[in-house]
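Report on the structure
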Amino acid sequence: MLVFDWDGTLLDSAGAIVRAIQASCCDLGLPVPEDAQARHVIGLGLVDAMRHAVPELTPDRYQAMVDRYRFHYLSGDQQLMLFDGVPEMLGRLRRDGHVLAVATGKSRVGLERALDHSGLRPMFQASRCADECHSKPHPQMLDELMAEFGMTQAATVMIGDTSHDLLMARNAGVDALAVTYGAHPHDHLLDHKPVACLHSVSELNQWLKNFA
(Lines give C-alpha, C1' and ligand atoms only; values in the text may rest on other atoms or scores of the structure.)
Protein backbone atom coordinates (compact mmCIF):
# COMPACT_ATOMS: atom_id res chain seq x y z
CA MET A 1 0.00 0.00 0.00
CA LEU A 2 1.27 3.43 -0.98
CA VAL A 3 -0.11 6.30 1.10
CA PHE A 4 0.25 9.80 -0.36
CA ASP A 5 0.07 13.16 1.30
CA TRP A 6 -1.93 15.60 -0.83
CA ASP A 7 -0.77 19.25 -0.63
CA GLY A 8 2.80 19.67 -1.83
CA THR A 9 3.09 15.99 -2.80
CA LEU A 10 0.42 15.55 -5.48
CA LEU A 11 -0.96 19.10 -5.77
CA ASP A 12 1.22 22.19 -6.27
CA SER A 13 -0.52 24.10 -3.49
CA ALA A 14 2.12 25.05 -0.91
CA GLY A 15 2.42 28.63 -2.17
CA ALA A 16 -1.35 29.11 -2.12
CA ILE A 17 -1.54 27.80 1.44
CA VAL A 18 1.19 30.19 2.59
CA ARG A 19 -0.54 33.14 0.96
CA ALA A 20 -3.90 32.19 2.50
CA ILE A 21 -2.37 31.99 5.99
CA GLN A 22 -0.69 35.36 5.58
CA ALA A 23 -3.80 37.04 4.16
CA SER A 24 -5.88 35.67 7.05
CA CYS A 25 -3.47 37.20 9.55
CA CYS A 26 -3.78 40.55 7.79
CA ASP A 27 -7.57 40.34 7.95
CA LEU A 28 -7.49 39.73 11.71
CA GLY A 29 -4.75 42.23 12.53
CA LEU A 30 -2.31 39.51 13.60
CA PRO A 31 1.45 39.39 12.98
CA VAL A 32 2.04 37.94 9.52
CA PRO A 33 4.34 34.90 9.58
CA GLU A 34 7.32 34.71 7.26
CA ASP A 35 7.03 32.32 4.31
CA ALA A 36 9.20 29.66 5.98
CA GLN A 37 7.13 29.71 9.16
CA ALA A 38 3.88 29.40 7.22
CA ARG A 39 5.28 26.63 5.01
CA HIS A 40 6.39 24.62 8.01
CA VAL A 41 2.82 24.00 9.20
CA ILE A 42 1.56 22.66 5.86
CA GLY A 43 0.28 19.14 6.39
CA LEU A 44 -1.00 19.67 9.91
CA GLY A 45 -4.70 19.84 10.70
CA LEU A 46 -5.99 23.35 10.16
CA VAL A 47 -6.36 24.41 13.80
CA ASP A 48 -2.96 22.92 14.71
CA ALA A 49 -1.43 24.66 11.71
CA MET A 50 -2.83 28.05 12.69
CA ARG A 51 -1.78 27.59 16.31
CA HIS A 52 1.83 26.97 15.28
CA ALA A 53 2.04 29.49 12.44
CA VAL A 54 0.48 32.28 14.50
CA PRO A 55 1.47 31.82 18.17
CA GLU A 56 -0.33 35.08 19.03
CA LEU A 57 -3.67 33.55 18.02
CA THR A 58 -5.86 33.04 21.09
CA PRO A 59 -8.27 30.08 21.30
CA ASP A 60 -11.33 32.31 21.04
CA ARG A 61 -10.13 33.43 17.58
CA TYR A 62 -9.30 30.00 16.13
CA GLN A 63 -12.61 29.77 14.28
CA ALA A 64 -12.30 33.27 12.84
CA MET A 65 -8.81 32.41 11.56
CA VAL A 66 -10.01 29.14 10.05
CA ASP A 67 -12.91 30.92 8.36
CA ARG A 68 -10.63 33.57 6.83
CA TYR A 69 -8.14 30.92 5.72
CA ARG A 70 -10.84 28.92 3.96
CA PHE A 71 -12.14 32.08 2.28
CA HIS A 72 -8.71 32.95 0.86
CA TYR A 73 -7.68 29.40 -0.06
CA LEU A 74 -10.98 28.41 -1.66
CA SER A 75 -11.11 31.61 -3.71
CA GLY A 76 -8.27 30.26 -5.84
CA ASP A 77 -8.03 26.51 -5.31
CA GLN A 78 -9.72 25.67 -8.61
CA GLN A 79 -6.70 27.12 -10.42
CA LEU A 80 -4.19 24.90 -8.61
CA MET A 81 -2.51 22.20 -10.68
CA LEU A 82 -1.25 18.71 -10.03
CA PHE A 83 2.50 18.31 -10.32
CA ASP A 84 3.54 17.14 -13.79
CA GLY A 85 3.26 13.38 -14.16
CA VAL A 86 1.04 12.68 -11.15
CA PRO A 87 -1.97 11.15 -12.99
CA GLU A 88 0.28 8.95 -15.11
CA MET A 89 2.25 7.75 -12.08
CA LEU A 90 -0.87 6.92 -10.10
CA GLY A 91 -2.43 5.13 -13.06
CA ARG A 92 0.65 2.93 -13.46
CA LEU A 93 0.75 2.14 -9.75
CA ARG A 94 -2.90 1.07 -9.81
CA ARG A 95 -2.28 -1.11 -12.87
CA ASP A 96 0.66 -2.69 -11.06
CA GLY A 97 -1.67 -3.73 -8.27
CA HIS A 98 -0.82 -1.33 -5.48
CA VAL A 99 -3.42 -0.14 -3.01
CA LEU A 100 -3.33 3.67 -3.15
CA ALA A 101 -4.54 5.89 -0.31
CA VAL A 102 -4.34 9.50 0.89
CA ALA A 103 -3.45 10.76 4.37
CA THR A 104 -3.85 14.53 4.52
CA GLY A 105 -4.10 17.53 6.80
CA LYS A 106 -7.12 18.64 4.75
CA SER A 107 -10.63 18.38 6.08
CA ARG A 108 -12.89 15.73 4.58
CA VAL A 109 -14.85 18.40 2.70
CA GLY A 110 -11.60 19.90 1.40
CA LEU A 111 -10.23 16.58 0.20
CA GLU A 112 -13.48 15.61 -1.51
CA ARG A 113 -13.45 18.94 -3.35
CA ALA A 114 -9.82 18.40 -4.38
CA LEU A 115 -10.41 14.82 -5.53
CA ASP A 116 -13.27 15.92 -7.76
CA HIS A 117 -11.47 18.94 -9.20
CA SER A 118 -8.25 17.02 -9.90
CA GLY A 119 -9.97 14.00 -11.42
CA LEU A 120 -7.96 11.69 -9.15
CA ARG A 121 -10.87 10.21 -7.21
CA PRO A 122 -10.82 6.88 -9.15
CA MET A 123 -7.14 6.37 -8.31
CA PHE A 124 -7.57 6.03 -4.53
CA GLN A 125 -9.18 3.23 -2.59
CA ALA A 126 -9.24 5.01 0.76
CA SER A 127 -8.31 8.24 2.53
CA ARG A 128 -8.01 9.78 5.96
CA CYS A 129 -8.30 13.48 6.87
CA ALA A 130 -7.29 15.63 9.82
CA ASP A 131 -10.85 16.31 10.97
CA GLU A 132 -11.62 12.60 11.37
CA CYS A 133 -8.28 11.47 12.85
CA HIS A 134 -5.54 12.91 15.03
CA SER A 135 -3.41 15.40 13.12
CA LYS A 136 0.00 14.36 11.83
CA PRO A 137 2.45 13.26 13.17
CA HIS A 138 0.12 11.02 15.20
CA PRO A 139 0.02 7.58 13.48
CA GLN A 140 -3.77 7.15 13.53
CA MET A 141 -4.28 7.81 9.80
CA LEU A 142 -1.75 5.16 8.81
CA ASP A 143 -2.85 2.74 11.52
CA GLU A 144 -6.45 2.90 10.30
CA LEU A 145 -5.49 2.50 6.64
CA MET A 146 -3.32 -0.52 7.38
CA ALA A 147 -6.14 -2.07 9.40
CA GLU A 148 -8.70 -1.37 6.66
CA PHE A 149 -6.72 -3.29 4.04
CA GLY A 150 -5.00 -5.82 6.29
CA MET A 151 -1.60 -4.39 5.41
CA THR A 152 1.49 -4.94 7.51
CA GLN A 153 3.89 -2.16 8.39
CA ALA A 154 6.46 -3.73 6.06
CA ALA A 155 4.00 -3.62 3.16
CA THR A 156 3.13 0.08 3.63
CA VAL A 157 4.99 3.19 2.45
CA MET A 158 4.16 6.82 3.27
CA ILE A 159 5.03 9.47 0.68
CA GLY A 160 5.09 13.14 1.62
CA ASP A 161 6.79 16.52 1.42
CA THR A 162 6.96 17.49 5.11
CA SER A 163 8.56 16.37 8.34
CA HIS A 164 5.02 15.81 9.66
CA ASP A 165 4.56 13.04 7.06
CA LEU A 166 7.90 11.45 7.89
CA LEU A 167 7.29 11.57 11.63
CA MET A 168 3.83 10.04 11.18
CA ALA A 169 5.40 7.20 9.23
CA ARG A 170 8.02 6.65 11.93
CA ASN A 171 5.34 6.67 14.63
CA ALA A 172 3.36 4.07 12.66
CA GLY A 173 6.44 1.92 12.06
CA VAL A 174 6.39 2.23 8.26
CA ASP A 175 8.94 3.39 5.70
CA ALA A 176 8.68 6.91 4.30
CA LEU A 177 9.69 8.54 1.03
CA ALA A 178 10.31 12.30 1.02
CA VAL A 179 9.69 14.56 -1.97
CA THR A 180 11.63 17.82 -2.01
CA TYR A 181 9.47 19.83 -4.43
CA GLY A 182 6.77 20.67 -1.85
CA ALA A 183 6.66 22.55 1.46
CA HIS A 184 9.74 21.56 3.46
CA PRO A 185 13.37 21.96 2.37
CA HIS A 186 15.63 19.06 1.46
CA ASP A 187 17.96 19.35 4.46
CA HIS A 188 15.04 19.41 6.89
CA LEU A 189 13.57 16.28 5.32
CA LEU A 190 16.91 14.44 5.45
CA ASP A 191 17.04 15.05 9.20
CA HIS A 192 14.11 12.66 9.55
CA LYS A 193 15.86 9.81 7.70
CA PRO A 194 13.43 8.87 4.93
CA VAL A 195 14.24 5.82 2.81
CA ALA A 196 14.91 8.22 -0.07
CA CYS A 197 14.52 11.88 -1.03
CA LEU A 198 13.13 12.37 -4.54
CA HIS A 199 13.31 15.70 -6.34
CA SER A 200 10.50 15.33 -8.90
CA VAL A 201 7.45 13.22 -9.67
CA SER A 202 9.52 11.56 -12.40
CA GLU A 203 12.15 10.51 -9.84
CA LEU A 204 9.45 9.31 -7.46
CA ASN A 205 7.80 7.29 -10.21
CA GLN A 206 11.10 5.65 -11.17
CA TRP A 207 11.96 4.86 -7.55
CA LEU A 208 8.56 3.22 -7.01
CA LYS A 209 8.90 1.27 -10.25
CA ASN A 210 12.26 -0.13 -9.15
CA PHE A 211 10.97 -0.77 -5.62
CA ALA A 212 8.01 -2.76 -6.90
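As shown above, the structure is provided for reference.
Residues numbered from 1 in each chain as written. Predicted model: local features only at pLDDT ≥ 70, side-chain atom pairs only at ≥ 80, totals over all residues. Heavy atoms only, no water.

Let's talk about the packing of helix 7 (residues 140-149) against helix 8 (residues 163-172)
Taken N-terminus to C-terminus, the directions of helix 7 and helix 8 make an angle of 55 degrees; their axes are 8 Å apart at the nearest point. What the angle tells us is that helix 7 and helix 8 run oblique. Seen from above, helix 7 lies across helix 8 with right-handed handedness. For the pair formed by helix 7 and helix 8, the contact residues are Met-141, Leu-142, Asp-143 and Met-146 on the first element and Met-168, Ala-169 and Ala-172 on the second. (Axes fitted to C-alpha atoms, helices over the stretch in contact; angles between N-to-C directions. Helix = DSSP H or I, 4+ residues; strand = E, 2+ residues; numbered from the N terminus. Parallel < 35°, antiparallel > 145°, perpendicular 65-115°, else oblique. Left-handed = near helix turned anticlockwise from the far one by under 90°. Contact = heavy atoms within 4.5 Å.)

Let's talk about the nonpolar core
One finds Phe-4, Trp-6, Phe-124 and Leu-204 to be the most contacted residues of the largest nonpolar core, which totals 53 residues. The element contributing the most residues to this core is helix 1 (residues 14-28), with eight residues. When near neighbours in sequence (up to four residues on either side) are disregarded, Leu-204 contacts Phe-4, Met-89, Ile-159, Leu-177, Val-179, Tyr-181 and Leu-198. Counting residues in each nonpolar core, the second largest holds 22 residues, with Met-1, Met-168, Ala-176 and Cys-197 among its members. (Core = buried A, V, L, I, M, F, W, Y, C linked by side-chain atoms within 4.5 Å. Buried < 20%, exposed > 50% of the residue type's maximum accessible area, 1.4 Å probe, protein only.)

Some words on the sheet that holds strand 3 (residues 126-129)
Taken in spatial order, the six strands of this open sheet run 3-2-1-4-5-6, and their pairing is parallel. With one partner strand each, in any of the chains shown, strand 3 and strand 6 (196-198) form the two edges of the open sheet. Strand after strand, the sheet turns through a mean of 20 degrees between neighbouring axes, direction not considered. Note: strand 2 (residues 100-104) against strand 3, four bridges, orientation parallel. If you follow Val-102 over to strand 3, its bridge partner there is Ser-127. This element, helix 5 (residues 86-95), spans strand 1 (2-4) and strand 2 of the sheet and lies at about 155 degrees to strand 1. On the sheet, helix 8 packs against strand 2, strand 4 (157-160) and strand 5 (175-179) and is oriented at approximately 170 degrees with respect to strand 5. (Pairing = 2+ DSSP bridges.)

Some words on the pattern of salt bridges
Scanning the entire structure with this criterion turns up 13 salt bridges. In this structure, the salt-bridge partner of Arg-108 is Glu-132, at a minimum N-O distance of 2.5 Å. Separated by 24 residues along the polypeptide, Arg-108 in helix 6 (residues 108-118) and Glu-132 in the loop between strand 3 and helix 7 bring together distant segments of the chain. Take Glu-132: its relative accessible area is 36%, and that puts it in the partly exposed class. Connected via shared salt-bridge partners are Arg-108, Glu-112, Asp-116, Arg-121 and Glu-132. (Salt bridge = Lys/Arg side-chain N within 4 Å of Asp/Glu carboxyl O.)

With respect to helix 4 (residues 62-74)
Relative to the 18 Å expected for 13 residues at 1.5 Å per residue, helix 4 spans 18 Å between its end C-alpha atoms, a close match to the ideal helical length. The set of residues buried in helix 4 consists of Tyr-62, Met-65, Val-66, Tyr-69 and Tyr-73. Along helix 4, the residues classed as buried sweep out an arc of 100 degrees about the axis, all on the same side. Buried-residue contacts for helix 4 involve helix 1 and helix 3 (46-53). (Expected span 1.5 Å × (residues − 1). Arc of directions from axis to C-beta.)

Overview of the environment of Phe-83
One can find Phe-83 in the loop between helix 4 and helix 5. A relative accessible area of 13% means that Phe-83 is categorised as buried. Placed 72 residues apart in sequence, Phe-83 and Leu-11 show a C-alpha to C-alpha distance of 5.8 Å. Once you skip the residues sitting within four places of it in the chain, Phe-83 turns out to touch Gly-8, Thr-9, Leu-10, Leu-11, Asp-12, Tyr-181 and Val-201.

Re the packing of aromatic side chains
Per the stated rule, a full pass over the model turns up four aromatic pairs. Ring centres 6.4 Å apart and planes at 70 degrees place the aromatic pair Phe-4 and Phe-124 in the edge-to-face group. Of this pair, Phe-4 sits in strand 1 while Phe-124 sits in the loop between helix 6 and strand 3, and the two are 120 residues apart along the sequence. As far as the burial class goes, Phe-4 and Phe-124 line up, both buried. With 5.8 Å between their ring centres and 10 degrees between their planes, Tyr-69 and Tyr-73 make a pair best called stacked. Of the two residues, Tyr-69 and Tyr-73 are both situated in helix 4; the distance of four residues between them amounts to about one turn of the helix. Residue Tyr-69 is classed as buried on the basis of its relative accessible area of 9%. Chaining the aromatic ring pairs together yields one cluster made of Phe-4, Trp-6 and Phe-124. (Phe/Tyr/Trp six-rings, centres within 6.5 Å; stacked < 30°, edge-to-face > 60°.)

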